[in-house]
Amino acid sequence: MSFVGTRIASALLVVCAALVQVTIGHRIEIGAASPDLLILIVTAIALLTGSISGAAHGFLAGMCIALFAGLPLGPHALVATLAGFAVGRLGEVLVTDEHPIPPLAAGIVATAAMQIGRPLVEFLVNPAVASVDGLWSRAFLTTAISAVLAVPLYLLVRRVLITAHSWSGGTADTANLGEGAA
Amino acid sequence: MRFTLPQPKRRRRSPASSSSHVRVGRPSTPLNGGPVAPTTEYIGGRRRRTSASKGAGSIFANTKRSAPLMRRIVLTVLICASLGLITVTYRGGVVISSAQLAVLEVVAPIERGMSRAWDPIAGAWYWTGDLLSATTENPKLRERNEALEAELVIARDEASEAVQLRERLGIDDRGHYPTNYDQVDGRVIARYSSAVDKSLVIDLGSNDGIERNDPVLVNANLIGRITNVTPNSARVALILENSQSVTAAISGSDGSGVLESLSTEGTPVMRLKYVDASAKVEKFDRVVTAGWTTGDLSSIYPRGIPIGWVSSVGLKPADLEQTVQVTPYANFERIETITVLVPKGDRVQYDTPAKDAGGLDALDAARRVDPVLPTPSTKTPKVTPAATTTTKDDVTQ
């Protein structure tokens, strides 16, 4: 029950993040870039719940952004799936709850991967794309914004998942969240 | 000093359940969800994981560790699904497109609500940005305004003269912009912008009389056309997209060509291709839609919609065509409200090949140039029921 409750919460989180991304996120222009909230949410979920869940949530995020913004289905899902899986593996290997570096590094890497990987896929599959302008500057700016937002969003996602977990009757392994150390 | 993430507050619980990870009646071990002992050890200042601590960083330690086989299966399935979607989408899958439109229709009211809720904050954001540049821009704009007012007087005289001449010569001005178009105003409710994706979703749909290929303007300047329509929302393909082209003419000159996106970094720049070397083109010339008609075929854009101004002209001695760069008038980074041109009177509809699949216009992908809907030899125009006959002059779109 707790497993299902947590997964529902994390899926809802991704859907809401996709809606926020297309309605609000892309109206916040800083330079030529906008914050990529969605990939940061996926990154946080992947870090907290593992590689399989990270890949699944990446796929869901890619589908949502394409559906909500009228974009081609598939390219976003592919890149976000790979990013979610990779970050999930990172979370499985690293102890993440005690230090801000893993969420920060994962957020930066995932954002950069999304910013470069998505145009790369488009370049490979769409013959109409002859060149990709502003790729590096946009990727750099977006990644810089993600560096600022990665840790706060990670904490937010962790709070939401812990709440969902406890509401659905789960017994969280809170030793890793600091409670067990007391 | 060691920095640690803030930890969540401990929840007060009854003594029976005071330990959040120890179940009553069971011994507390990591295997049954009990606390994980601090098994990490520090060697040389670095944290080394022991087998017992694998997955200990997770809130859900028992679910986080995944078997390698399961991991591979799930990843493979998801990648295959993504690749399948890419294949179907870029090949113009009608089913996928329909499903996408259905989802868009469902989420459009939510997007509209969220977008409107954010409007005041967005307004303040833009206002702050504008304030910083207003001081330097103000004198330039005043000067420009005076020049434009003078041009406006001349343009009005010429427009009235043109109307009289059209009447005398009996020219059918069906499709003439802007007199034969209704202008329907709408708002952007969702957008996506990346190095390769530029997409707008607006709150107008077929219920507002919008149809596929209707031109979309911002402040009377062309920004794109409608590619997907649902009853209450529509997707706009911007002219900056790689898959879009517009036949354009240079105002006051015989130069014309095909306008395509050249660069979207910073201020967007477009390239007007196929401009004859003999055409007189100068910097700052206005570029408008060409709105050509040939037999039963015509451009979807009516003639005369402003697009931008010539920012650079180049011609080498041996060239047959000029290199003309165009800067669009519209500010694509800040599109909040749009205007869709809806032809007055009866619409002419065509049987078209597969509708847009996802964000890619299958028709444009094949033709690339200012989409012209089908050739008379293969497609027969369908006129809406109000019209009983179709003539060449009816075929304006």
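Residues numbered from 1 in each chain as written. Chains lettered and ligands numbered in written order. Predicted model: local features only at pLDDT ≥ 70, side-chain atom pairs only at ≥ 80, totals over all residues.

For chain A, the count of helices and strands is six helices and zero strands. Helices and strands in chain A line up, N terminus first, as α-α-α-α-α-α. Of all 182 residues assigned to chain A, the portion counted as buried reaches 63%. A separation of at least 24 residues holds for 73% of the contacts in chain A among residues at least 6 apart in sequence. (Helix = DSSP H or I, 4+ residues; strand = E, 2+ residues; numbered from the N terminus. Buried ≥ 20, exposed ≤ 12 C-beta atoms within 10 Å, placed from the backbone. Contact = placed C-beta atoms within 7 Å.)

All names here are of chain B. Pairing in this closed barrel of six strands is antiparallel, and the strands run β8-β9-β10-β15-β14-β11 around the ring. Recorded for the sheet is a direction-independent mean angle of 45° between the axes of neighbouring strands. Looking at chain direction, strand β14 (residues 306–314) and strand β15 (residues 321–328) are connected through six bridges and run antiparallel. Paired with valine 310 across the bridge in β15 is valine 326. (Pairing = 2+ DSSP bridges. Axes fitted to C-alpha atoms, helices over the stretch in contact; angles between N-to-C directions.)

Moving on: the sheet that holds strand β7 (residues 234–238) of chain B. Picture the strands of a sheet paired through backbone hydrogen bonds; they go either parallel or antiparallel. All names here are of chain B. On the basis of which strands lie adjacent, the closed barrel formed by six strands has the order β3-β4-β7-β6-β5-β16 and antiparallel pairing. Sheet twist, expressed as the mean angle between neighbouring strand axes with direction ignored, is 45°. Here strand β3 (residues 181–193) pairs with strand β16 (residues 337–343) via seven bridges, running antiparallel. In the strand pairing of β16, valine 184 is matched with valine 340.

Residues and elements named next belong to chain A. Along its 19 residues, helix α3 (residues 51–69) runs 27 Å from first to last C-alpha, staying within 8% of the 27 Å computed at 1.5 Å per residue. For α3, the buried fraction is high: 19 of the 19 residues fall into the buried class. Downstream of α3 by one or two residues, glycine 70 has phi in the positive range, about 70°. (Expected span 1.5 Å × (residues − 1).)

Attention shifts here to unusual backbone geometry. Residue and element names in this part refer to chain B. Despite not being glycine, alanine 220 has its phi angle at roughly 70°, a positive value. If you trace the backbone, alanine 220 turns up in the loop between β5 (215–218) and β6 (221–229). Of the residues examined, alanine 220 has 13 C-beta atoms within 10 Å and is grouped as partly exposed. Here tyrosine 274, not a glycine, exhibits a phi torsion of approximately 65°, which is positive.

Residue and element names in this part refer to chain A. Put simply, helix α5 (residues 101–125) and helix α6 (residues 135–167) touch, their axes get as near as 8 Å, and they point 150° apart. The chirality of how α5 crosses α6 is right-handed. Across from Pro103, Leu104, Gly107, Ile108, Thr111, Ala112, Gln115, Ile116 and Pro119 in α5, the residues of α6 making contact are Leu135, Arg138, Ala139, Thr142, Thr143, Ser146, Ala147, Ala150, Val151 and Tyr154. For the contact of α5 with α6, the per-class residue count stands at twelve nonpolar, six polar and one charged. (Left-handed = near helix turned anticlockwise from the far one by under 90°. Nonpolar A, V, L, I, M, F, W, Y, C, P; charged D, E, K, R; others polar.)

Two faces belong to every sheet, and in a regular strand the side chains alternate between them. Residue and element names in this part refer to chain B. Among the five residues of β7, five are classified as buried, and the element is accordingly described as predominantly covered. Going residue by residue along β7, you find Ala234, Val236 and Leu238 tucked away on one face and Arg235 and Ala237 tucked away on the opposite face as well. Both β6 and β7 contribute to a ladder of five bridges, which runs antiparallel. Residue pairing for β7: isoleucine 226 is matched across the bridge by valine 236. Connecting the antiparallel pair β6 and β7 is a turn made up of four residues.

Our focus in this paragraph is the confidence of the model for chain A. With 87% of its residues at a pLDDT of at least 70, chain A reaches an overall mean of 83. Considering only residues more than four positions removed or in separate chains, one finds that residues 174–182 of chain A, a stretch of pLDDT under 50, has 22 contacts. (pLDDT = per-residue confidence, 0-100.)

With that out of the way, let us pick up the environment of Ala108(B). All names here are of chain B. Among the structural elements, alanine 108 can be located in helix α3 (residues 94–169). Each C-alpha atom of the pair alanine 108 and alanine 234 lies 9.3 Å from the other, and the pair is 126 residues apart in sequence. Aside from chain neighbours lying at most four places away, what touches alanine 108 is Ile189, Asp203, Thr230, Asn232 and Ser233.

All names here are of chain B. Most of β6 is tucked away: eight of the nine residues are buried. Pairing of β5 with β6, which is carried by four bridges, proceeds in the antiparallel orientation. Bridge pairing in β6 places leucine 217 opposite leucine 222. Between β5 and the antiparallel strand that follows it, β6, lie two residues; asparagine 219 among them carries a positive phi value of about 50°.

Core analysis: the biggest nonpolar cluster contains 110 residues, and Ala18(A), Ile41(A), Ile65(A), Phe68(A) and Ala83(A) have the highest contact counts within it. Ranked by the residues each element gives to this core, the list is headed by α3(A), at 13 residues. Formed jointly, this core draws a minimum of three residues from each of two domains, domain 1 (47–90) and domain 2 (96–394) of chain B. Contacts of Ile41(A), omitting those with residues within four sequence positions, involve Leu13(A), Val14(A), Ala17(A), Leu153(A) and Val157(A). (Core = buried A, V, L, I, M, F, W, Y, C linked by C-beta atoms within 7 Å. Domains from an automatic or database assignment.)

Residue and element names in this part refer to chain B. For chain B, mean pLDDT is 72; residues scoring 70 or higher make up 68% of the total. For chain B, per-element mean pLDDT is lowest for strand β1 (residues 41–43), which scores 34, and highest for β5, which scores 91. In the model, residues 10–57 has pLDDT below 50 throughout and makes 67 contacts with residues more than four positions away in sequence or in other chains. For residues 350–397, every residue scores under 50 in pLDDT, and the model assigns this stretch 109 contacts once sequence neighbours within four places are set aside. Scored as a whole, the predicted complex attains pTM 0.69, and scored at its interfaces, ipTM 0.86.

A separate point is the packing of helix α2 (residues 37–49) of chain A against α3(A). Residues and elements named next belong to chain A. Across the interface, α2 lies against α3 with an axial gap of 8 Å and an inter-helix angle of 165°. If you check the angle between α2 and α3, you find them roughly antiparallel. Every pair of crossing elements has a handedness; the one defined by α2 and α3 is right-handed. Two secondary-structure elements touch here, α2 through Leu38, Val42, Ile45, Ala46 and Thr49 and α3 through Ser53, Gly54, His57, Gly58, Ala61 and Ile65. A per-class count over the contact of α2 with α3 returns six nonpolar, five polar and no charged. (Parallel < 35°, antiparallel > 145°, perpendicular 65-115°, else oblique.)

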